[in-house]
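# Structural description and commentary
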Amino acid sequence: MAISKTNVPHRIYLTEDQMPTQWYNLRADMKEKPDPMINPGTGGPAVPEDLYPVFCTKLAQQELDDNTRFYDIPDEVLDIYKIYRPSPLCRAYSLEKALGTPAKIYYKFEGNNTSGSHKLNSAVAQAYYAKDQGLAGLTTETGAGQWGTAMAEACSYFGLDLNVYMVKVSYNQKPFRKTIMETFGAKVFASPSDTTNSGRASLAEDPDNGGSLGIAISEAVEVAVTTEGYRYVLGSVLNQVLLHQSIIGLESAKAFELIDTYPDIVIGCAGGGSNLGGLIAPFMRDKITGKANPRIIAVEPASCPSFTRGKYAYDFCDTAKTTPLAKMYTLGSGFKPSANHAGGLRYHGMSPILSKLYHDGYMEAKSVEQTAVFDAAVLFAKHETILPAPESSHAIRTAIDEALICKETGEEKTILFGLTGTGYFDMTAYAQYIDGSMTDHIPTDAELQPGFDSLPQLG
Ligand SMILES: *Cc1c(COP(=O)(O)O)cnc(C)c1O
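Quick caveat, the model's predicted, so the values are computed rather than measured. (Residues numbered from 1 in each chain as written. Predicted model: local features only at pLDDT ≥ 70, side-chain atom pairs only at ≥ 80, totals over all residues. Heavy atoms only, no water.)

## Observations concerning the site of the ligand
Around the ligand, the structure places 17 residues, and the nearest of them are Lys119, Ser236, Gly271, Asn275 and Thr420. Ser236 places a side-chain nitrogen or oxygen 2.4 Å from an oxygen atom of the ligand. Here the ligand has 380 Å² of accessible area as a free molecule, and 94% of this is covered by the chains. Here the shell around the ligand is composed, by residue class, of 4 nonpolar, 11 polar and 2 charged. (Near = heavy atom within 4 Å. Polar contact = N/O pair within 3.5 Å; in protein donor to acceptor, adjacent residues only side chain to side chain. Areas by Shrake-Rupley, 256 points an atom, 1.4 Å probe, with all protein chains shown as cover. Nonpolar A, V, L, I, M, F, W, Y, C, P; charged D, E, K, R; others polar.)

## Description of the domain arrangement of the protein
Quoted interface sizes are often the accessible area lost when the parts come together. Along its sequence, the protein is carved into domain 1 (27–67 + 119–232) and domain 2 (86–116 + 248–453). Both faces considered, domain 1 and domain 2 share a buried interface measuring about 2800 Å² in area, 60% of it formed by carbon and sulfur atoms. By the criterion of area lost to domain 2, the three top residues of domain 1 are Asp29, Met30 and Asp35, representing 17% of everything that side buries. Between the two partners, domain 1 and domain 2, sit 4 salt bridges. Asp426 is the partner of Lys174 in a salt bridge, and the nearest nitrogen-oxygen pair spans 2.8 Å. (Domains from an automatic or database assignment. Buried area = accessible area lost by both parts, 1.4 Å probe. Salt bridge = Lys/Arg side-chain N within 4 Å of Asp/Glu carboxyl O.)

## Brief notes about unusual backbone geometry
The omega torsion of the bond from Arg85 to Pro86 falls at -5°, within 30 degrees of zero and hence cis. By secondary structure assignment, the location of Pro86 is in the loop between α3 (75–84) and β4 (89–91). Look at the link from Ser191 to Pro192: it is a cis peptide, with omega at 5°. Structurally, Pro192 can be placed in the loop between β8 (187–191) and α9 (197–205). Unlike most non-glycine residues, Val237 shows phi in positive territory, near 65°. Mapped onto the elements, Val237 comes out in the loop between β9 (230–232) and α11 (239–258). Residue classification places Val237 among the buried positions, given a relative accessible area of 4%. A positive phi is found at Asp260, a non-glycine position, where the angle reads about 55°. Its location among the elements puts Asp260 in the loop between α11 and β10 (265–269). (Helix = DSSP H or I, 4+ residues; strand = E, 2+ residues; numbered from the N terminus. Buried < 20%, exposed > 50% of the residue type's maximum accessible area, 1.4 Å probe, protein only.)

## Description of the side chain of Gln240
Here Gln240 is to be found in helix α11. In contact with Gln240, other than residues within four places in its own chain, are Phe55, Leu59, Gln62, Glu63 and Gln126. (Contact = heavy atoms within 4.5 Å.)

## Focus on the nonpolar core
Core analysis: the largest hydrophobic core is formed by 76 residues, its most contacted members being Trp23, Tyr81 and Met363. Here this core spans two domains, since at least three of its residues come from each of domain 1 (27–67 + 119–232) and domain 2 (86–116 + 248–453). Of all hydrophobic cores here, the second largest spans 36 residues; its members include Ala92, Tyr107, Val368 and Phe374. (Core = buried A, V, L, I, M, F, W, Y, C linked by side-chain atoms within 4.5 Å.)

## A few points about the packing of helix α15 (residues 370–384) against helix α17 (residues 427–434)
Close contact between α15 and α17 brings their axes to 11 Å; oriented N to C, the two are set at 100°. As judged from the angle between their axes, α15 and α17 are roughly perpendicular. Listed contacts from α17 to Thr371, Phe374, Asp375, Ala377 and Val378 of α15 are Ala429, Tyr430 and Tyr433. Of the residues contributing to the contact of α15 with α17, the split by class is 6 nonpolar, 1 polar and 1 charged. (Axes fitted to C-alpha atoms, helices over the stretch in contact; angles between N-to-C directions. Parallel < 35°, antiparallel > 145°, perpendicular 65-115°, else oblique.)

## Description of the pairing of β10
Taken across its 5 residues, β10 has 5 buried, putting it largely inside the fold. Side chains Ile265, Ile267 and Cys269 project from β10 onto one buried face, and the interleaved Val266 and Gly268 project onto a second face that is buried too. Pairing of β10 with strand β11 (residues 295–301) involves 5 bridges; the strand directions are parallel. Directly across from Val266, in β11, lies its bridge partner Ile296. (Pairing = 2+ DSSP bridges.)

This is how it looks when you write it as structure tokens:
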């Protein structure tokens, strides 16, 4: 499959005219659909109306739509996309040389906007639909802060209020993330907070609770459903988010067409699965329809191993168990990642779409330890000039490992990975790596058990 190409530029940009004008819904081409979301109240499959109190109407419809193959990207969304897109597909010549590999390494760079990550692609879409519906404001959670930043930008653009519940450890570690969100007009609360019932309950259990995405989601959902004119938005895991993120993969596929190349291996980091689901969308489509057969690899932290050690089961998306149930690879909504984990990707569950594809053997997953991730991050930074986000560096680690295998075998494979963002707000983690205080933690089975015990018993 790999065509030997010379003179491929370092950065391959589409023109504005070549940018995709539709999002692609991978579910439409899946031979077996992901298991339906369950309404815990009725015990039956969720219908869009069940989701209307929580999500914007159009987004609730997208969430449950397994059939529409393409969605037109609204003009208002395209106008913002064009401020920071198309994003470049980059050839990592310098890294290839440093590794001495015959592999051709490409990365799709999504960090070239103020939010610093791919999250803006869905934030803009979600804020647009909220505005279009005449809503006053939105609530959301943020872990490391990238999603909150992206939503703050998008809400400010469309003139919507935004309340962000930020996981307390990150809030304390990354004060400037809060400042950026506030610059764009968002209100930011350290979660667990004393402003919600679920936050107060978590604090009553443990006053020193450093928070988790699951708790922050509970707080944000509670405020959304109890405030007139508000809805809740989520930056990953959901089907609608993967739909919006398909722009990453569609642009990548088109750029590869321009250089008459096709990737043999597609690699992405996986937190909730949104960047990976978006990046692989057209390549997975080719795989499902038999047009091509790329290897697709999800990379997750060894300390939060949803794919590689989780259970494929129905679970809640939040800690207070208020959301609908999704069938996914999960460590249980009660899972608490180890305190020494610095690299993001901490969510207990995984996109139901990717979970199904993984379960059915369409993709691989591997876990990597954080010191090895930062080794890769620093090597990448030195050769490609971009300081990568710790999350993205999970994909870099695996891309390097695959390129080193090519060095052994002499194969000239074409490797694509998603460089989801920059790491300029992650200097605490980089500092730990540089001063040698960063450690690895692989949870024991006993440490994972309480999370699995929190899984709902159905039936
Ligand atoms: C949020 C984030 C991720 C992980 O989220 P996914 O939904 O799994 O894509 C990865 N990289 C960066 C830079 C992020 O901000």
